[in-house]
Amino acid sequence: MTRRSCTIYAVGIICAALLAAGIGLTVSQVFRTFMHNRLKKEIVLVEGSRVFESWKKPPPPVYMEFFFFNVTNVDEFLSGAKPEVTQVGPYTYREYRYKDNVTAVENDTTVAAYNVKSFVFLREKSVGDPAEDSITNVNIPAWAVMDKVKASSFFKKTIVTMWMNAVKSGIFTTRTVHELLWGYEDPLLARVASTSPEVEKYFGLMYKKNGSDDGEFIFHTGVENYMDYGRVETWRGQKMLTFWTSNHSNTINGSDGGAFHPLLEKNERIYIFTPDLCRTIYMDFEKEVEVKGIPAYRFTPPRSVLASKEENPDNEGYCISKKECLGTGLLKISNCRKGAPVVASFPHFYLGDTKYVDAIKGMSPQHEHHQTFLDLNPTTGVIVRASKRAQVNVLINRITGFPSTRGVNETVFPVMFLNESVVIDDVSAARVQKLLLIVKLVPNFPIVIVGLGGILLVVFIILLVRARKEKSSSEDDTAYSPVSTKEKDDPQNGNYIGLSSKEDPKD
């Protein structure tokens with residue numbers, strides 16, 4: 001066998017091996033499975049992992065915007081007219097958050113931590129100075145006290161009425177934005193606290209929430225199961241809440257909104273436990289988006305999250321009582337707000353019944369400005385953009401024994417809504433893009449092998465064709481011809497034929 005023949009055979013064997021290996025690896029998805037297993041092992045809440053430090057102290061800047069509703073027709077409303085409000089804001093704060101007292105538990109299968117948040121005002125991103133701008137709205141402490149004693153004796157209601165008159169505490173109040181957010185000493189609460197020490201005399205929508213935490217969380221690290229990455233195991237030592245009337249409603253499920261497992265699917269339902277609402281909410285896939293070159297799935301809460309019990313029977317457990325079961329778009333959270341008649345909703349009653357929107361002049365729900373959403377990279381589970389929007393309302397109505405409420409119709413009164421937003425920073429985005437490039441290239445390595453096999457196949461075919469042509473040419477150049485034009489007789493063997501190269505006969 002010649003050297004050329006050996007080369008052809010070698011190329012053919014290598015070509016066949018590469019094609020077989022490449023096609024086999026592509027079909028079996030070995031490299032894709034390998035990369036997914038690496039992601040599952042590296043994206044865990046364990047010291048030294050790829051994500052642990054960024055989980056403890058997230059690098060992207062978080063902004064908290066507050067929008068207030070200023071009432072412009074208090075007297076007319078007290079006479080039975082529809083309330084009119086104007087939106088004032090944003091008052092923007094930079095939110096700094098980090099995990100404190102992080103402790104590994106149960107052989108790194110769970111980790112304990114406290115979520116600490118602090119806020120710094122940003123004048124350049126705000127409409128005004130919160131220390132100077134004033135807002136007129138319902139007097140939440142007064143309504144909380146009246147609601148607390150509404151089932152009490154006439155004597156007790158009379159005492160409260162006398163206190164309200166003495167300290168000039170009406171059912172509406174005008175306070176600065178700073179007071180409404182971070183707290184002020186309320187004269188009525190101070191009077192109540194003198195006889196009931198357990199009552200806090202200070203009130204603010206964000207009172208004691210600057211530089212504080214919501215209590216201890218215990219999270220699953222994802223070591224045992226990547227689907228459990230970031231999932232809350234207990235909050236304040238409890239696996240179940242006690243605020244609601246059913247086990248389904250009291251279940252603590254999902255993450256705290258700061259970590260989500262890798263390899264997300266569009267048909268998944270994302271669960272988030274939020275202490276602000278004292279419950280677990282869920283989000284469904286809406287659409288594909290892209291943020292700073294990173295592909296993402298957008299998840300958003302559907303209407304069913306805050307639907308009425310008639311629309312969604314699973315929500316019946318969120319009714320404080322059968323008489324206090326609100327319509328779609330509302331969640332009364334007085335049970336976890338010390339009895340205050342506070343109602344949560346999406347801004348401008350977005351996704352809620354139209355009757356709540358129509359009851360207040362100035363409400364205008366818009367998908368773009370009032371939707372809560374999470375944009376998650378499906379491969380890594382990293383948050384690339386998010387916006388949490390929620391509104392604080394107060395349920396007010398006529399309360400027997402309090403003459404000041406005589407002209408009040410039952411109304412879910414909007415006080416303020418917030419927009420807590422984040423977009424991935426450039427440095428973190430570059431790291432995610434690099435990781436995604438590796439994840440994309442490695443599973444495609446079998447295609448490279450198939451490509452090399454294809455190239456060798458072409459080379460193999462060319463070598464075969466050339467070898468066939470050379471063989472045909474060699475056969476054509478060799479033939480039998482007479483030595484001369486004249487035959488020479490051989491008495492024994494007949495005519496003598498000589499073997500020579502084929503050329504023109506010579507005389």
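Keep in mind it's a predicted model, so treat the numbers as computed, not measured. Residue positions are given per chain, counted from 1 along the sequence in the order it is written. pLDDT decides what is reported in this predicted model: residues at 70 or higher carry local features, side-chain atom pairs at 80 or more are listed and counted, and totals for whole chains, interfaces and linings draw on all residues regardless. To obtain the side-chain values, all non-hydrogen atoms of the structure were used and water was disregarded.

A few points about the overall build of the protein chain
Then, in step 1: Counting secondary structure elements, the protein chain contains 13 helices and 17 strands.
Then, in step 2: Partly exposed describes any residue whose relative accessible area lies between the buried limit of under 20% and the exposed limit of over 50%, with all areas from a 1.4 Å probe on protein chains only and scaled to the type maximum. Each of the 507 residues in the protein chain was classed as buried or not, and the buried ones make up 44%.
Then, in step 3: Expressed as a percentage of contacts within the protein chain between residues at least 6 apart in sequence, the contacts between residues at least 24 apart total 64%.
Then, in step 4: Note on areas: these come from Shrake-Rupley sampling with a 1.4 Å probe, and a residue is covered only by the protein chains present in the view. Accessible surface for the protein chain amounts to roughly 27,200 Å². Of this, 54% is attributable to carbon and sulfur atoms. By the criteria applied, helices consist of DSSP H or I runs no shorter than four residues and strands consist of E runs no shorter than two, each listed in order from the N terminus. Contacts between residues were defined by any pair of non-hydrogen atoms, one from each residue, lying within 4.5 Å.

A few points about helix α6 (residues 154–166)
Then, in step 1: A rise of 1.5 Å per residue sets the reference length of α6, with its 13 residues, at 18 Å; its end C-alpha atoms lie 18 Å apart and thus fit the reference within 8%.
Then, in step 2: Against α5 (140–148) and α8 (187–193) lie the buried residues of α6.
Then, in step 3: Where α6 ends, the next residue or the one after it, K168, has phi of about 55°, a positive value. Residue count minus one, scaled by 1.5 Å, sets the expected span of a helix.

Describing unusual backbone geometry
Then, in step 1: In this structure, the amide linkage connecting G89 to the following residue, P90, adopts the cis form with an omega of 10°.
Then, in step 2: Mapping P90 onto the fold places it in strand β2 (residues 85–105).
Then, in step 3: The backbone of F349 shows a phi angle near 60°, a positive value even though the residue is not glycine.

Observations concerning the pairing of strand β8 (residues 212–220)
Then, in step 1: A strand pair is defined by DSSP finding two or more bridges across the two strands. Relative to β8, strand β3 (residues 110–121) is paired through seven bridges, and the arrangement is antiparallel. By the bridge assignment for β8, V116 is matched with D213.
Then, in step 2: In the sheet, β8 pairs with strand β9 (residues 232–235) via three bridges, with the strands oriented antiparallel. Its bridge partner lying in β9, F217 is registered against W235.

Regarding the confidence of the model for the protein chain
Then, in step 1: pLDDT runs from 0 to 100 and stands for how confident the predictor is about each residue. Of all residues in the protein chain, 83% have pLDDT values of 70 or greater, and the mean over the chain is 87.
Then, in step 2: Low pLDDT (under 50) marks residues 496–507, which in the prediction has eleven contacts with non-local residues, meaning those over four places away or in another chain.

Observations concerning the state of the cysteines
Then, in step 1: The disulfide criterion used throughout: a pair of cysteine sulfur atoms within 2.5 Å. For the coordinates displayed, the defined rule picks out two disulfides.
Then, in step 2: The disulfide partner of C278 is C336, and the gap between their sulfur atoms is 1.8 Å. Judged by the sign of its S-S torsion, about 90°, the cystine formed by C278 and C336 is right-handed. Within this pair, whereas C278 is found in the loop between β10 (269–274) and β11 (279–291), its partner C336 is found in the loop between β13 (331–332) and β14 (342–345), the two being separated by 58 residues in sequence.
Then, in step 3: One disulfide in the model links C319 with C325; its S-S distance is 1.6 Å.

Considerations on the pattern of salt bridges
Pairing between side chains of opposite charge can happen when their charged atoms approach one another.
Then, in step 1: A pair is scored as a salt bridge if a Lys or Arg side-chain nitrogen falls within 4 Å of a carboxyl oxygen belonging to Asp or Glu. Across all of its chains, the model carries 23 salt bridges by this definition.
Then, in step 2: Between R38 and E42 there is a salt bridge, and its shortest N-O distance comes to 2.5 Å. Note that R38 and E42 are positioned in helix α2 (residues 30–42) at a spacing of four residues, about one turn of the helix.
Then, in step 3: Linking E200 and K208 is a salt bridge whose minimum nitrogen-to-oxygen distance equals 3.4 Å.
Then, in step 4: Since its relative accessible area comes to 55%, K208 is described here as exposed.

Notes on the environment of K208
Then, in step 1: On the secondary structure map, K208 appears in the loop between β7 (202–203) and β8.
Then, in step 2: For the pair K208 and L181, spaced 27 residues apart in the sequence, the C-alpha separation amounts to 9.9 Å.

Comments concerning the pairing of strand β17 (residues 411–423)
Then, in step 1: Burial of β17 is extensive: twelve of the 13 residues sit out of reach of the surface.
Then, in step 2: Judged from the seven bridges that link them, strand β1 (residues 62–71) and β17 form a sheet pairing that is antiparallel. Note that in β17 the partner of F67 across the bridge is F417.

Details of the nonpolar core
Then, in step 1: Only buried residues count toward a nonpolar core, which is a set of Ala, Val, Leu, Ile, Met, Phe, Trp, Tyr and Cys residues joined through side-chain atoms within 4.5 Å. With 55 residues, the main nonpolar core has F66, F68, V138, W143 and L181 as its most contacted residues.
Then, in step 2: Residues within four places of F68 in sequence aside, it is in contact with T86, Q87, V88, Y91, I135, V177, L180, L181, L205, V415 and M416.
Then, in step 3: In terms of nonpolar packing, the next biggest core, distinct from the first, is built from 50 residues, L39, I252, M283 and A344 among them.

Focus: the environment of F154
Then, in step 1: On the secondary structure map, F154 appears in helix α6.
Then, in step 2: Among the residues examined, F154 registers a relative accessible area of 63% and is labelled exposed.
Then, in step 3: In the structure, F154 is positioned 248 residues away from F402 in sequence and 9.8 Å away in space, judged by C-alpha atoms.

Side note on α5
Then, in step 1: Judged by how many residues are buried, α5 sits mostly within the fold: eight of nine residues are covered.
Then, in step 2: Three or more residues of α5 are buried, namely I140, P141, A142, W143, A144, V145, M146 and D147.

Overview of the packing of aromatic side chains
Then, in step 1: Note on ring pairs: Phe, Tyr and Trp rings are taken, using the six-membered ring of Trp, and paired if centres are within 6.5 Å. Classes follow the plane angle, with under 30 degrees stacked, over 60 edge-to-face and the rest tilted. Scanning the entire structure with this criterion turns up 23 aromatic pairs.
Then, in step 2: Ring centres of Y202 and Y207 lie 6.0 Å apart, and the angle between their planes is 20°; on these two criteria the pair is classed as stacked.
Then, in step 3: Since its relative accessible area comes to 33%, Y202 is described here as partly exposed.
Then, in step 4: An aromatic cluster is defined as three or more aromatic residues linked by ring pairs; in this entry it consists of F52, W55, F217, F219, W235 and F273.

Quick word on the side chain of H220
Then, in step 1: Structurally, H220 is set in strand β8.
Then, in step 2: When its relative accessible area of 13% is taken as the criterion, H220 is described as buried.
Then, in step 3: If we skip the residues at most four places from it in the chain, H220 touches L45, T109, T110, D228, Y229, G230, R231 and E233.

Some words on the side chain of N377
Then, in step 1: When you line up the elements, N377 lands in the loop between β15 (373–376) and β16 (383–396).
Then, in step 2: Think of a polar contact as two N or O atoms within 3.5 Å of one another; within protein, one of them needs to be a possible hydrogen donor and the other a possible acceptor, and neighboring residues in sequence only count if both atoms come from side chains. Separated by 2.9 Å, the side chains of N377 and T380 make a polar contact.

Looking at the environment of A307
Then, in step 1: The residue A307 is located in the loop between β12 (294–300) and β13 in this model.
Then, in step 2: Among all residues touching A307, those that are not within four sequence positions of it are N312, N315 and T328.

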